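Architecture and fold: a report
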Amino acid sequence: MNRTLYGNLIFELSKKGRRGYSLPQDYDRTHTTAELPEALRRKEAARLPECDELTVVRHYTNLSHNNFGVNDGFYPLGSCTMKYNPVINEEIAAMKAFAGLHPLQPVDTCQGALEVYFNLQQSLAELAGLSEFTLNPCAGAHGELTGLMVIRAYHEATSVPSASAEGQRTKVLIPDSAHGTNPASAAVCGLEVVEVKSLPDGTVDVEHLSQLLDEMGDQVAAMMMTNPNTLGIFEPRVLEITEMVHKAGGLMYYDGANLNALLGECRPGDMGFDVMHINLHKTFSTPHGGGGPGSGPVGVRKGLEQFLPTPRVIFNEEEKQFSVEVPEGALGSVGNFFGNFGVMLKAYAYILSLGRENVKNVGPLATLNANYIKERLRDDYLLPIEGLCKHEVVFDGLVDKSTGVTTMDVAKRLLDYGYHAPTIYFPLLFHESLMIEPTENESKETIDAFIDVMHKIAAEAKNDPELVKSAPHNTPIGRVDDVLAAKQPVTTYWKSIKA
Ligand SMILES: *Cc1c(COP(=O)(O)O)cnc(C)c1O
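First, a word on scope: everything that follows refers to the structure included in this document. Just so we're clear, the structure is a prediction, and the values are computed from it rather than from any experiment.

Some remarks on empty space enclosed by the protein
For the coordinates displayed, the defined rule picks out two cavities of 30 Å³ or more. Considered as a void within the structure, the largest cavity measures approximately 80 Å³ in volume. Contributing to the lining of the largest cavity are 13 residues, with L231, I233, I385, C389 and V394 lying nearest its centre. Its residues placed into classes, the lining of the largest cavity shows 10 nonpolar, one polar and two charged. Its residues assigned to classes, the lining of the second largest cavity comprises four nonpolar, four polar and one charged.

Some points on the pairing of strand β5 (residues 251-256)
Most of β5 sits out of view: six of its six residues are buried. In the sheet, strand β4 (residues 220-225) pairs with β5 via four bridges, with the strands oriented parallel. Bridge assignment links A222 to a residue of β5, and that residue is L251. One crossover worth recording links β4 to the parallel β5 by way of helix α9 (residues 238-247), and it is right-handed. Two elements, β5 and strand β6 (residues 275-278), share four bridges in a ladder whose sense is parallel.

Here's the deal with the packing of aromatic side chains
According to the stated counting rule, one finds 14 aromatic pairs in the structure shown. Ring geometry for F118 against F322: centres 5.4 Å apart, planes inclined by 55 degrees, an arrangement best described as tilted. Here F322 lies in strand β9 (residues 321-325) and F118 lies in helix α5 (residues 111-128), a separation of 204 residues in the sequence. The same class applies to F118 as to F322, namely buried. Relative to F273, the ring of Y254 has its centre 4.8 Å away and its plane inclined at 75 degrees; by these criteria the two rings are edge-to-face. One end of the pair, Y254, is in strand β5; the other, F273, is in the loop between β5 and β6, with 19 residues separating them in the sequence. In this structure Y254 comes out as buried when scored by relative accessible area, which is 1%. An aromatic cluster of at least three residues, connected via ring pairs, comprises F98, Y117, F338 and F341.

The rules behind each value
- Sequence order sets the numbering: in each chain, residues are counted from 1 along the sequence as written.
- Local features in this predicted model are restricted to residues whose pLDDT is 70 or higher, and side-chain atom pairs enter the listing and the counts only when it is 80 or higher, whereas totals over whole chains, interfaces and linings include all residues.
- Working from all heavy atoms in the structure, the side-chain values ignore hydrogens and water.
- Detection works on a 1 Å grid of protein atoms alone, calling trapped sets that fit a 1.4 Å probe cavities and calling open sets with protein on both sides within 12 Å along at least five of seven lines pockets, with lining residues defined by an atom within 4 Å of a point.
- Grid points are joined across faces, edges and corners, and a volume is the space filled by probe spheres set on the points.
- In this count, Pro and Cys sit with the nonpolar residues alongside Ala, Val, Leu, Ile, Met, Phe, Trp and Tyr, while Asp, Glu, Lys and Arg are called charged and the others, Gly among them, polar.
- Whether a residue is buried, partly exposed or exposed follows from its accessible area with a 1.4 Å probe, protein chains only, as a fraction of its type maximum: under 20%, in between, or over 50%, in that order.
- In this text, helices come from DSSP runs of H or I with a minimum length of four residues, and strands from runs of E with a minimum of two, each type numbered from the N-terminal end.
- Two strands are counted as paired when DSSP detects at least two bridges linking them.
- Here the term right-handed applies to a crossover when the path leading from its first strand over the helix to its second strand runs clockwise, the strands being oriented away from the viewer.
- Here a Phe, Tyr or Trp ring, Trp counted by its six-membered ring, pairs with any other such ring whose centre lies within 6.5 Å, and the pair is stacked when the planes are under 30 degrees apart, edge-to-face when over 60, and tilted otherwise.

Set out below in structure tokens:
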């Protein structure tokens, strides 16, 4: 039986009653590149604006100068892992054999791409300690929503039909330190958010969790957790937590947007998590920002595979062929075709170029860098939580609060010195949060230079607080009025500068 990708997708789409894609009857199945059939080609040229090359080049060059990326300088954005995207990733994703593929191509003409897809599914499962991954979701939050849909489908399939409305599992427990997308995804999935308190040290208040489970255990669909949490602290009682929630009949969801600290050290599956997502565009070095493209694969433990969305790529041992599966009863597709394949290629290139041995260094190096910054800055910046952090560290503003210089001012002053600001005012647990994540990529020289500048800013705050409060001074437009910028955005930036 020759099961083509085209046939499978058409089957799935028609089964779901969604907008159908179809190729002409006489579509030449021997096409191996994205050469479009005659019937789908333009009859006349598109009406595009006329512009000389030099003007176009200047336009894009100027736009690129308005941006700041990891390739421009240190970008210590906590919680959002701005990792360097190695050039080899780009080269591989741009290879014509990959970039020229069409998602409706017959599977026998794109076995190599399917092999990469399959291998990435497997690599992620191995790194996460779970059974199977779908690569369909296109962002971290999209992965969260998908994972919660999987959890909902599981409860619907396993619950007793006679259960009363109150007996339905509609509640999701989420620690108050969680990333904002967690409660948002739960709400979008039609579930109800119940907040779990944190202790003063930032970890989950297990007594509060226990109380909530006593009150509403039989209504709990899942608990969502990030570990290390958004403060960069590893939850010491994670095993106890997963056991408690399982005992109440709920599933454990792991927000694995940033797996940096764990890579090679430990795995969510081994901690008792049932469902998780990973951001390829954070943990696995593919670029992000500006709205994408991203990739948020979702993994599940054994026994939940049938609820994952489709399509999934499988390997047929007998035929030695990769094929595309659209199993009955699964969620259906949550994204376009296979998801963002270019992003997957970059992530897979990153995993392969590190290899099994070096992947194990990612967590320890990211952790070492964050702790080095923590120890060297704690004389000037207030460290609210003692002890080891993982891949990121949170300060609560300057130690010396008498000058009135805030975290916002420090962040703005960093721009003058050519650094991207860290994450500020998140997590919400402290008033002046300043969250720094150096990643494992940065050299000691880069980190030392950053530390020197942070000390310099602390000294400026003491000696000349106005200088810091009115920063930045070296950027084209100075300090932005955030409220005005939101109310009256100036979208013609270059015109406004020149005027
Ligand atoms: C970035 C992030 C997300 C969301 O990922 P997106 O790709 O931006 O949707 C979710 N959780 C955590 C902890 C994150 O850092």
